[in-house]
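Fold and geometry: a report
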Amino acid sequence: MLVGCVALALVGSLVSMQPYGTPLNWFTRGAALLGYLAIFLSIISSSTMRQLVRFFGRPFVRVHHILSVTGLILITLHPLGVAWSSASLRVFLPRFGSWLAFLQWGGPPAWYLIHIGSLAAVRRQSISRNWRTVHLLNYAAFLLGTIHATLIGTDFQSTVAKAVAVALAIVVVALFIQKRFRGRKR
C-alpha cells in the first residue's frame, strides 16, 4: 500500500512537471509510468521470494501476480490511450525502417513480448518445463520498454529520469544474469 502511494505521488509529480496535453494524454503517460514501475517490481519480486513471504506474510506468487497483472493492464492502457488520441491502431505495429526507429518505437514489440511471456506463465501446465524459457521474454520486453521510454517518452526526457530508467534496466539485467547463473548451477 505504501509503495503504491509513493508510486502514485511520484508519477503524479512527473506528469504535473510537464502538464501540457489533454487529460487523456496525462492518463496515458501515467499508465505508462505506473505500468513500467509495476513490471519492474514484478521482476524484482521473482528474485526475492523468501523475503517477500516474510515481509508480506503472503505467498510469493500472489504478490508477484498482483504486480504482474497490474503492470500488464497499465501498459495496455498506454497504447490504447495513444491509439485513441491519434485515432489510429498503427501504434500497435512495430517499425522496422531502421534500428533507431525500431528502438524509439520499441513499445509495440515490448508489449507483444511481455504478453507472450505472461501467457506462457498462465499456460505453464500445457507448455510444461519450457514455460520458464518463454517467460524470460519479460526481461527483453522490459529493456525494450526502457529504451522506448528514454528515447521518446515525454516524462523520461530529463537527465534524472533517464538515469533512473538506466539504473532500473541495469538491475533487471543483473537479476537476469543471476537467475540464469543460478539455473545452470542446479
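Each residue is numbered by its place in its chain's sequence as written, counting from 1. With the structure being a predicted model, the display of local features is reserved for residues of pLDDT at least 70 and the display and counting of side-chain atom pairs for 80 or more, all residues being used for whole-chain, interface and lining totals. Heavy atoms throughout the structure, all of them, feed into the side-chain values; hydrogens and water do not.

Quick notes on the overall build of the protein chain
Helix and strand assignments follow DSSP, with helices taken as H or I runs no shorter than four residues and strands as E runs no shorter than two, numbered in order from the N terminus. In terms of regular secondary structure, the protein chain is built from 10 helices and 0 strands. When the helices and strands of the protein chain are placed in sequence order, the string is α-α-α-α-α-α-α-α-α-α. Only protein chains enter the accessibility calculation, which uses a 1.4 Å probe. A residue is then buried if its area is under 20% of the maximum for its type, exposed if over 50%, and partly exposed in between. Taking all 186 residues of the protein chain together, the buried fraction comes to 35%. We call two residues in contact whenever any of their non-hydrogen atoms come within 4.5 Å of each other. Pairs at least 24 residues apart make up 59% of the contacts formed inside the protein chain by residues separated by at least 6 positions. Total accessible area on the protein chain is roughly 11,800 Å²; 71% of this is exposed by carbon and sulfur atoms. The Shrake-Rupley method, run with a 1.4 Å probe, gives the accessible areas here. Residue values count only the displayed protein chains as cover.

A short note on the packing of aromatic side chains
Aromatic ring pairs: the centre-centre distance and the angle between the two ring planes describe each pair. For this analysis, a ring pair means two rings from Phe, Tyr or Trp (six-membered ring only for Trp) whose centres lie within 6.5 Å, classed as stacked if their planes differ by under 30 degrees, edge-to-face if by over 60, and tilted for the remaining angles. Summed over all chains, the structure comprises 8 aromatic pairs. In this structure, arginine 124 is placed above the aromatic ring of tryptophan 131, and the distance from its NZ or CZ to the ring centre is 5.7 Å. Two conditions define a charge sitting above a ring: the NZ of Lys or the CZ of Arg must be within 6 Å of the ring centre, and it must be within 35 degrees of the ring normal.

Concerning the layout of surface pockets
Its boundaries defined by the atoms lining it, the largest pocket holds a volume of some 1,200 Å³. Along its surface, the largest pocket is lined by 33 residues, and Ser46, Trp131, Arg132, His135 and Lys179 are the ones closest to its centre. In terms of residue count, the dominant contributor to the lining of the largest pocket is helix H4 (residues 60-86) (7 residues). Here the lining of the largest pocket is composed, by residue class, of 14 nonpolar, 12 polar and 7 charged. Quantified by volume, the second largest pocket comes out at close to 860 Å³. We place a 1 Å grid over just the protein atoms. Points where a 1.4 Å probe fits but has no way out form a cavity, open points with protein on both sides within 12 Å along at least 5 of 7 lines form a pocket, and any residue with an atom within 4 Å of a point lines it. Lining the second largest pocket are 35 residues, and of these Ala32, His78, Val82, Gly107 and His148 sit closest to its centre. If you list the elements that add at least two residues to the lining of the second largest pocket, you get helix H2 (23-47), H4, helix H6 (107-122) and helix H9 (137-152). Broken down by element, the lining of the second largest pocket gets its largest block of residues, 7 residues, from H2. Three classes are used, and their members are as follows: Ala, Val, Leu, Ile, Met, Phe, Trp, Tyr, Cys and Pro are nonpolar, Asp, Glu, Lys and Arg are charged, and the others, Gly among them, are polar. Taken together, the residues that form the lining of the second largest pocket break down as 20 nonpolar, 11 polar and 4 charged. Grid points are joined across faces, edges and corners, and a volume is the space filled by probe spheres set on the points.

Structural notes on unusual backbone geometry
Despite not being glycine, alanine 87 shows a phi value in the positive range, around 55°. The class of alanine 87 is exposed, set by a relative accessible area of 71%.

Remarks on the pattern of salt bridges
A side chain of one charge can pair with a side chain of the opposite charge if their charged atoms are brought near each other. By convention in these notes, a salt bridge is any Lys or Arg side-chain nitrogen within 4 Å of a carboxyl oxygen on Asp or Glu. Per the stated rule, a full pass over the model turns up 1 salt bridge. Close ionic contact of arginine 29 with aspartate 155 constitutes a salt bridge, the shortest N to O distance being 2.8 Å. In this pair, arginine 29 sits in helix H2 while aspartate 155 sits in the loop between H9 and helix H10 (159-185), placing the two residues 126 residues apart along the sequence. Judged on exposure class, the residue arginine 29 and its partner aspartate 155 are both buried.

Quick word on the nonpolar core
Residue types Ala, Val, Leu, Ile, Met, Phe, Trp, Tyr and Cys, when buried and joined through side-chain atoms within 4.5 Å, form a set referred to as a nonpolar core. Counting 25 residues, the largest nonpolar core has Ile43, Phe142 and Phe156 as the members making the most contacts within it. Counting residues per element, the ones that place at least two in this core are H2, H4, H6, H9 and H10.

Re H9
An α-helical segment advances 3.6 residues per turn. Residues three or four places apart therefore align on the same side. The end-to-end C-alpha distance of H9, which contains 16 residues, comes to 22 Å, matching closely the 22 Å that a straight helix rising 1.5 Å per residue would cover. Three or more residues of H9 are buried, namely Asn138, Tyr139, Ala141, Phe142, Leu144, Gly145, Thr146, His148, Ala149 and Thr150. Expected helix span is taken as 1.5 Å per residue step, with the number of steps being one fewer than the number of residues.

Describing a nonpolar patch on the surface
In this analysis, a patch consists of residues with relative accessible area above 30% that form no salt bridge, clustered at 9 Å for like charges and at 5 Å for the nonpolar side chains Val, Leu, Ile, Met, Phe, Trp and Tyr. A cluster of nonpolar side chains, contributed by Leu100, Trp105, Ile147, Leu151 and Ile152, occupies part of the molecular surface with about 390 Å² of accessible area. Among the elements that take part in the nonpolar patch, H9 stands out by supplying 3 residues, more than any other. Residue placement: isoleucine 152 occurs in helix H9. The exposure class assigned to isoleucine 152 is partly exposed, which follows from its relative accessible area of 31%.

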